[in-house]
Amino acid sequence: MMKGTCLHMKDLQDEDMFLKEGLKSILPLIVRSILQFNKLNISNTSGMAKGYKHTNVVILHKSLADDFEKFCHANDGPLPLLYRSKPGEWKCPSPSNNSHSRTDCLRYRIYEYGACTGTLTNLKDYSDQLKDMVTFYLGCSFSFEEAVHNIGAPLRNTKEKCNISMYKTAIPCCKVASFCCNLVVTMRQIPEDKLDAVVEATYPLKDSHGAPVHIGNPGLLGIQNLSNPDYGDPVQSHPGDIPVFWACAVTGVEAVSNCKSPLAFTHSPDCTFITDLKNEDVAVHNSKEIPTVHCISQNPLHYSIASATAIQKIRNLESLIGIDPGNRGIKHLCCQDELLKACLSLSHARSVLITTGLPTHFNHQPPEENDGPLGAIAMAAMLQSLEKDVVIVTDQRAMSLYKKIIEDTIQQGVLNTPVPLLSYQGNAAESALMFLCENGNLERPRFDHLIAIERAGMAADGNYYNARKVNLKHLVDPIDELFLTARTIPGVTTTGIGDGGNELGMGKVKEAVRKYIKNGDVIACDVEADFAIVAGVSNWGGYAVACALYILNTCEIHDRYLRKAIGFSRLSEKANWASALPSITKEENLLKTLIQYGVRSGVTASLEMEVDGLPFYNIHSVMIEKLLAQTLQ
């Protein structure tokens, strides 16, 4: 008996697949007519009427219609609105001639006071109520499946003869009146070598949700288990697959449920309404920008997206700062795209720790050099303008100095608000973990990203050296411990910025430092950061980070990805971000402030207008001009 049942189930699945294969090439009008009879054993409409748009359907009382339309516009990634009917308008003249909202979905759901009370094959029994109701037709990701197939990416759910996987996330949508809910996403397993092509293929298809809103670890969306979707079926991943998530119009179903209307209807997920509108032709779509995909973390796996134009600008910044005015041999330390990946990661961060301080002038008071603090302040200013939490960590003995510097930067208008100033002494075995995480809990890190700029880094022998091999350990607190511990905390990224190889984080390129940098066999920092930004002068690296963050956040493609295609673009804040960029005047005034406090040039110990022995005017000022020109062009 059990064997017969299994064979019967297989026969039904094969029949479903055979019927759907036949419906792929049939015109939408005929497909809708077939679905009205509801005689076929079909579980979903994925792949039907190839080349034509599918839509999701929401039907609400006319008193809620205006607010729901606003909700769609405020969250147009998951809810691209194709058509709004008039009250009682059952036909859909714009997307589909000879169609009927009461009968042309494979299945419907009925909601009463927020609860789903049943599934229906048609809404004919509710004709009287529908006279006072409005139908919304919302774009669906089924519409871009042809574009994905055309670039050679497999559609796993189709091959497995199952529904697409859909998940509720922890990402809240933009609330409008009584409509509020968290974002719902679809997930497709995409081979890693197809990520760029899939993103480029779907990006122009705004009516079908456009580009993905997340690529990588589902936990970053609040999804705990891919094998247990909230809607649809689980899909088996293959070796090399990456989970890719698109905004989903089932978000509208969640919003309908949460508004608790006395009566509402939606399509049943995976049972879309098929229109007469043809999908956009990606090849002729007038898109000025091309999205590109970049991996920014392996633990957890996380990719980011930005336009090719923005990426090239940041690469140009990296080339600018990579010159070697001191002839130290730093070109051998440079790795392409370290600036890009560090700044993509920073763009996603909520809370950032910056540390600086290399007390190379051990015979002076204070022993600090002026390379590092200027770049740290430049990064802090931009991060503040992007509404990220920022703290600066330095040596306990230098706290009063940095407090004065921060106060002066606020008076000069460089920083908007005071940056919390902290020290770290590492008095116990768990000190670093307790500093970085609430109560030492790995799942509750205080910071998403740690940046060291011109910060003394521990060498292989446990000491800290300046470029002349002088041991500075007695002047340096063990802030390296924070970076070593951070690399064991999932979701926390580290970046080191340096110009000689002895700086914290440069352990990533320590073999090159030992080989090509003078005294490198002794001074090379042994502590590795996830990303190592190498610059001719470390301050330039800080300026470049500020500029790259501006470029990314003014990129429409990256902005949409950051906000998961919900809410409104933040590009209206562009002028505020521009005002946070480093400038010749700002850096000139800050350098004068450091000189006033006795902070000296790194190479010469001079209290003149120079950094690392290079004059501010005609060297550093020209670099700032070049960085700004590249950023703002």
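Provided above is the structure to which this section pertains.
Residues numbered from 1 in each chain as written. Predicted model: local features only at pLDDT ≥ 70, side-chain atom pairs only at ≥ 80, totals over all residues. Heavy atoms only, no water.

Visitor: Would you take a moment to explain the sheet that holds strand E18 (residues 493–498) for this structure?
Guide: Strands in a sheet are paired, the pairing made by backbone hydrogen bonds, and the direction either parallel or antiparallel. A sheet is described by the order of its strands in space; here 6 strands give the open sequence E16-E15-E14-E17-E18-E19, paired in parallel fashion. The sheet terminates laterally at strand E16 (421–423) and strand E19 (531–534), the two strands that pair on one side only. Here the strands of the sheet are splayed against their neighbours by 25° on average, with no regard to which way each runs. Relative to strand E15 (residues 389–394), strand E14 (residues 351–357) is paired through 5 bridges, and the arrangement is parallel. Paired with Ser 351 across the two strands is Asp 389, which belongs to E15. Sitting on the sheet, helix H12 (residues 399–411) touches E14, E15 and E16, and the angle it makes with E16 is about 165°. (Pairing = 2+ DSSP bridges. Helix = DSSP H or I, 4+ residues; strand = E, 2+ residues; numbered from the N terminus. Axes fitted to C-alpha atoms, helices over the stretch in contact; angles between N-to-C directions. Contact = heavy atoms within 4.5 Å.)

Visitor: Would you mind showing me how to read the sheet that holds strand E8 (residues 214–216) here?
Guide: Spatial strand order, E6-E7-E9-E8-E13-E12: 6 strands in an open sheet with antiparallel pairing. The open sheet has two edge strands with one neighbour each: strand E6 (165–172) and strand E12 (291–298). Going from strand to strand, the sheet's axes swing by 35° on average, the running direction of each strand aside. Note: E8 against strand E9 (residues 241–247), 2 bridges, orientation antiparallel. Among the inter-strand pairings, Ile 215 is bridged to a residue of E9, identified as Val 244. Of the strands in this sheet, strand E7 (182–191), E8, E9, E12 and strand E13 (301–307) are in contact with helix H7 (residues 195–202), which crosses E12 at around 135°.

Visitor: Can you help me understand the environment of Cys 525 in this one?
Guide: Tracing the sequence through the fold places Cys 525 in the loop between helix H16 (520–523) and E19. Taking the relative accessible area as the measure of exposure, Cys 525 reaches 0% and is therefore buried. C-alpha separation for the pair Cys 525 and Gly 501, spaced 24 residues apart in sequence, amounts to 6.2 Å. If we skip the residues at most four places from it in the chain, Cys 525 touches Gly 457, Met 458, Ala 459, Gly 501, Asn 502, Glu 503, Leu 504, Gly 505, Met 506, Gly 507 and Lys 510. (Buried < 20%, exposed > 50% of the residue type's maximum accessible area, 1.4 Å probe, protein only.)

Visitor: Just to check I follow, could you spell out the environment of Trp 540 for this structure?
Guide: By secondary structure assignment, the location of Trp 540 is in helix H17 (residues 538–553). The exposure class assigned to Trp 540 is buried, which follows from its relative accessible area of 2%. Put simply, Trp 540 and Leu 374 are 166 residues apart on the chain and 9.0 Å apart in space, counted from C-alpha to C-alpha. In this structure Trp 540 touches Ile 321, Ile 323, Pro 325, Ala 535, Ile 619, His 620, Met 623 and Leu 627, once residues within four positions along its chain are discounted.

Visitor: Help me understand the packing of aromatic side chains, please; the structure alone is not making it clear to me.
Guide: The description of two aromatic rings rests on the distance between their centres and on the angle between their planes. Evaluated as defined, the whole model comprises 10 aromatic pairs. Note on Phe 68 and Phe 179: the rings are 5.2 Å apart at their centroids and 65° apart in plane angle, and the pair reads as edge-to-face. Of this pair, Phe 68 sits in helix H3 (residues 62–74) while Phe 179 is found in the loop between E6 and E7, placing the two residues 111 residues apart along the sequence. On the basis of relative accessible area, Phe 179 is assigned to the buried category, the value being 0%. Their ring planes at 65° and their centres at 5.0 Å tell us that Tyr 126 and Phe 265 sit as a pair that is edge-to-face. Here Phe 265 lies in strand E10 (residues 264–267) and Tyr 126 lies in the loop between strand E4 (115–120) and helix H4 (127–130), a separation of 139 residues in the sequence. (Phe/Tyr/Trp six-rings, centres within 6.5 Å; stacked < 30°, edge-to-face > 60°.)

Visitor: Where do I start with the side chain of Asn 466 in this structure?
Guide: In this fold, Asn 466 is placed in the loop between strand E17 (449–455) and helix H14 (480–486). For Asn 466, a relative accessible area of 1% corresponds to the buried category. For Asn 466, the side chain forms a polar contact with the main-chain nitrogen of Arg 468, separated by 2.9 Å. One polar contact links the side chain of Asn 466 to the main-chain amide nitrogen of Val 470, over a distance of 3.0 Å. (Polar contact = N/O pair within 3.5 Å; in protein donor to acceptor, adjacent residues only side chain to side chain.)

Visitor: I'm lost on the pairing of E15 in this one. Help?
Guide: Counting buried residues in E15 gives 5 out of 6 residues, a clear majority hidden from the surface. Considered for its hand, the β-α-β crossover made up of E14, helix H11 (residues 373–385) and E15 is right-handed. Direction of pairing for E15 relative to E16: parallel, over a ladder of 3 bridges. What sits directly across from Thr 394, in E16, is Ser 423. A crossover connection joins E15 to the parallel E16 through H12; in handedness this β-α-β unit is right-handed. (Right-handed = clockwise from strand over helix to strand, strands pointing away.)

Visitor: How should I be thinking about unusual backbone geometry in this particular structure?
Guide: Geometrically, the link from Asn 299 to Pro 300 is a cis peptide bond, its omega value of 0° lying close to zero. The linkage connecting Gln 365 with the following residue, Pro 366, adopts the cis geometry, with an omega of 0°. Tracing the backbone shows Pro 366 in the loop between E14 and H11. A positive phi angle, near 55°, is found at Asn 327, a position not held by glycine. Mapped onto the elements of the fold, Asn 327 is located in the loop between helix H9 (308–321) and helix H10 (338–348).

Visitor: Can you walk me through the packing of H9 against H17 in this structure?
Guide: The relative placement of two packed helices comes down to the angle between their axes together with the axis-to-axis distance. Packing of H9 against H17 brings their axes to within 10 Å, and their N-to-C directions diverge by 170°. Classed by the angle they form, the pair H9 and H17 counts as roughly antiparallel. Contact with H9, carried on its side by Ala 310, Lys 313, Ile 314, Leu 317 and Ile 321, involves Trp 540, Gly 541, Ala 544, Cys 547, Ala 548, Ile 551 and Leu 552 of H17 and no other residues of that element. When its residues are assigned to classes, the contact of H9 with H17 shows 10 nonpolar, 1 polar and 1 charged. (Parallel < 35°, antiparallel > 145°, perpendicular 65-115°, else oblique. Nonpolar A, V, L, I, M, F, W, Y, C, P; charged D, E, K, R; others polar.)

Visitor: Help me understand the pattern of salt bridges, please; the structure alone is not making it clear to me.
Guide: Between side chains of opposite charge, pairing is possible as soon as their charged atoms come close. Under the counting rule described, the total for this entry stands at 26 salt bridges. Measuring nitrogen to oxygen at the nearest pair gives 3.8 Å for the salt bridge that ties Lys 341 to Glu 338. In this pair, Lys 341 and Glu 338 both sit in helix H10, 3 residues apart, roughly one turn of the helix. Look at Lys 341 and you get partly exposed, because its relative accessible area is 24%. Relative accessible area serves as the criterion here: at 3%, Glu 338 is assigned to the buried category. Of the charged contacts in the structure, one is a salt bridge between Asp 530 and Arg 487, with a shortest N-O distance of 2.8 Å. Of this pair, Asp 530 sits in the loop between H16 and E19 while Arg 487 is found in the loop between H14 and E18, placing the two residues 43 residues apart along the sequence. Counted as one network, the salt bridges with shared partners bring together Glu 368, Asp 395, Arg 397 and Arg 455. (Salt bridge = Lys/Arg side-chain N within 4 Å of Asp/Glu carboxyl O.)

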